[in-house]
Amino acid sequence: MASSRGGDSEGQMHVLAVDDSSVDRAIIAKLLRSSKHKVTAVDSGKKALELLGLEPNVDMIITDYWMPEMTGYELLKIVKESSELREIPVVIMSSENVPSRIDRCLEEGAEDFLLKPVRPSDVSRLCSRMR
């Protein structure tokens, strides 16, 4: 029997992709699905938290940094402060290469920080580390 974290018996991970850009959401979802992962895509941090409240069986969260209402950094902090969610790895994506922002996210508990556009090699590296 598969645990709530770590995917199902076929090694498929459930990834929650969070990005306010429909184009970026589609790209990351396609990259993850091509690696045979289940993807749930939402357009805001608020919707991500709602989904996590309903379905906590998510193996990884990959979120954009800049989004309206709630940034990816704020989502990261909420996840890491939650006793139910803190074990879920969170990966932040951004099109801006700002070292201080990257460092702040990693210090707050982000698993990784990816620069957009996200490449297939980024997804492969992430998924191999999550197993």
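Residues numbered from 1 in each chain as written. Predicted model: local features only at pLDDT ≥ 70, side-chain atom pairs only at ≥ 80, totals over all residues. Heavy atoms only, no water.

**Some words on the overall build of the protein chain**
Counting secondary structure elements, the protein chain contains five helices and five strands. Secondary structure elements in the protein chain, listed N-terminal to C-terminal, are β-α-β-α-β-α-β-α-β-α. For the protein chain, whose C-alpha radius of gyration is 13 Å, the value lies close to the compact-globule estimate of 14 Å for 131 residues. Expressed along its principal axes, the backbone C-alpha trace of the protein chain runs to roughly 40 × 30 × 25 Å. For the protein chain, with 131 residues in total, the buried portion stands at 47%. (Helix = DSSP H or I, 4+ residues; strand = E, 2+ residues; numbered from the N terminus. Rg over C-alpha atoms; globule rule 2.2 N^0.38 Å. Buried < 20%, exposed > 50% of the residue type's maximum accessible area, 1.4 Å probe, protein only.)

**Digging into the UniProt feature "modified residue: 4-aspartylphosphate" (unreviewed entry) in the protein chain**
On the UniProt side, "modified residue: 4-aspartylphosphate" (unreviewed entry) is annotated at positions that read Asp64 here. Along the chain, Asp64 falls in strand β3 (residues 60–64). If we ignore the near neighbours within four places in the chain, the residues touching Asp64 are Val18, Asp19, Asp20, Gly72, Met93, Ser94 and Lys116. (UniProt positions renumbered as here; feature names shortened; annotations may be inferred. Contact = heavy atoms within 4.5 Å.)

**Topic: the sheet that holds strand β2 (residues 38–42)**
Strands sit in the order β2-β1-β3-β4-β5 across an open sheet of five strands; the sheet is parallel. What marks the edges here is a single partner per strand, and that holds for β2 and β5 (112–115). The average undirected angle you get between the axes of adjacent strands in this sheet is 20°. Relative to β5, strand β4 (residues 90–94) runs parallel, the two being bridged by four bridges. Bridged to Val91 within β5 is Asp112. Here helix α5 (residues 120–130) sits on the sheet in contact with β3, β4 and β5, set at roughly 170° to β5. (Pairing = 2+ DSSP bridges. Axes fitted to C-alpha atoms, helices over the stretch in contact; angles between N-to-C directions.)

**Comments concerning the pattern of salt bridges**
With the rule as written, the count across this model stands at nine salt bridges. Among the charged side chains, a network of salt bridges with common partners joins Asp19, Asp24, Asp64 and Lys116. (Salt bridge = Lys/Arg side-chain N within 4 Å of Asp/Glu carboxyl O.)

**Thoughts on the environment of Val42**
Mapping Val42 onto the fold places it in strand β2. Along the primary structure Val42 and Thr63 are separated by 21 residues, whereas in three dimensions their C-alpha atoms are 9.6 Å apart. Ignoring sequence-local partners within four residues, the contact set of Val42 consists of Leu16, Ala17, Val18, Asp19, Arg25, Lys47 and Ala48.

**Remarks on the packing of helix α1 (residues 22–34) against α5**
As a packed pair, α1 and α5 sit with axes 10 Å apart at the nearest point and diverge in direction by 55°. In this view, α1 runs oblique relative to α5, as classed from their interaxial angle. Considering how the two elements wind past one another, α1 and α5 form a crossing that is right-handed. Residues Ile28, Leu31 and Leu32 of α1 pack against Pro120, Val123 and Cys127 of α5. (Parallel < 35°, antiparallel > 145°, perpendicular 65-115°, else oblique. Left-handed = near helix turned anticlockwise from the far one by under 90°.)

**Regarding the nonpolar core**
Grouped together as the largest cluster of nonpolar side chains are 23 residues, with contacts concentrated most on Leu16, Val18, Leu52, Ile61, Ile92 and Cys105. At the level of secondary structure, the elements contributing two or more residues to this core comprise β1 (14–18), α2 (45–54), α3 (72–81), β4 and α4 (99–107). At four residues, the largest contribution of residues to this core is made by α3. Discounting chain neighbours no more than four positions away, the residues touching Ile61 are Leu16, Val18, Leu52, Leu75, Val79, Ile88, Pro89, Val90 and Val91. (Core = buried A, V, L, I, M, F, W, Y, C linked by side-chain atoms within 4.5 Å.)

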